[in-house]
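Single-letter residue listing:
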Amino acid sequence: MQLSSPSDATTLQASFQALSDPLRLQIIDLLRAEELCVCELGDRLTVAQSKLSFHLKILKSANLILPRQEGRWIYYRLNLSQFVVLEQYFAELRRFSPIIAARPCQE
């Protein structure tokens, strides 16, 4: 995934920032197995709903999770297509970046 536009870079930056918090990584890990509502996430993570809502908002803004409302409950699941974008970015880094031997600084 070549960064062809500023929006590509912004998208990647938002994803990396969202994934940089341990609690958000725990949320992602829980959502790997199943779709969960906010109350279930709060119970499993033993975190206040206000704090959880803040972190869910960041993950949602980074397009890493998707909400689904059913009655008065909101359920969250992973947005796997966004994880594919991240995977492609890293795969291209690995595939197309030359391995350069370390060299001493020329001072």
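Residues numbered from 1 in each chain as written. Predicted model: local features only at pLDDT ≥ 70, side-chain atom pairs only at ≥ 80, totals over all residues. Heavy atoms only, no water.

A. Region of interest: the overall build of the chain. Looking only at helices and strands, the chain has five helices and three strands in total. Across the chain, helices and strands are ordered from the amino to the carboxyl terminus as α-α-β-α-α-β-β-α. The C-alpha radius of gyration computed for the chain amounts to 18 Å, which surpasses the reference 13 Å derived for 107 residues by more than 25%, pointing to a less compact arrangement than a globule. Relative to its 107 residues, the chain shows a buried fraction of 30%. Here the contacts in the chain between residues at least 6 apart in sequence split such that 51% fall between residues at least 24 apart. Across the chain, the mean location of the 12 positive side-chain charges is 2 Å away from that of the 11 negative side-chain charges. (Helix = DSSP H or I, 4+ residues; strand = E, 2+ residues; numbered from the N terminus. Rg over C-alpha atoms; globule rule 2.2 N^0.38 Å. Buried < 20%, exposed > 50% of the residue type's maximum accessible area, 1.4 Å probe, protein only. Contact = heavy atoms within 4.5 Å. Lys, Arg positive; Asp, Glu negative; His and termini not counted. Charge placed at Lys NZ, Arg CZ, Asp CG, Glu CD.)

B. Looking closely at the pairing of strand 3 (residues 73-78). Across two bridges, the pairing between strand 1 (residues 36-37) and strand 3 is antiparallel. Across the sheet, residue L36 finds its bridge partner in strand 3, namely Y76. When strand 2 (residues 65-70) meets strand 3, the two strands line up antiparallel, connected through six bridges. Residue pairing for strand 3: P67 is matched across the bridge by Y76. Adjacent in sequence and paired antiparallel, strand 2 and strand 3 are bridged by two residues, among which G71 carries a positive phi angle near 65°. (Pairing = 2+ DSSP bridges.)

C. Highlighting helix 4 (residues 49-61). Over its 13 residues, helix 4 runs 18 Å from end to end, which matches the ideal 18 Å to within 8%, given 1.5 Å per residue. All of the buried residues along helix 4 are L52, H55, L56 and L59. Viewed along the axis of helix 4, the buried residues span an arc of 105°, placing them on a single side of the element. Away from its buried face, by an angle of more than 90 degrees, helix 4 presents the exposed residues S50, K57 and S61. (Expected span 1.5 Å × (residues − 1). Arc of directions from axis to C-beta.)

D. A look at helix 3 (residues 38-45). Turning to helix 3, its buried residues number three or more, namely V38, L41, G42 and L45. Each buried residue of helix 3 sits inside an arc of 100° when the element is viewed along its axis, so together they form one side. Check the buried side of helix 3 and you find it contacts helix 2 (22-33), strand 1, helix 4 and strand 3. T46 sits one or two positions beyond helix 3 and adopts a positive phi of about 45°.

E. Structural view of the sheet that holds strand 2. In spatial order, the strands read 1-3-2; together these three strands make up an open sheet with antiparallel pairing. Only two strands of the sheet have a single partner each, and these edge strands are strand 1 and strand 2. Along the sheet, helix 2 contacts strand 1, strand 2 and strand 3; its crossing angle with strand 3, the most-contacted strand, is approximately 90°. (Axes fitted to C-alpha atoms, helices over the stretch in contact; angles between N-to-C directions.)

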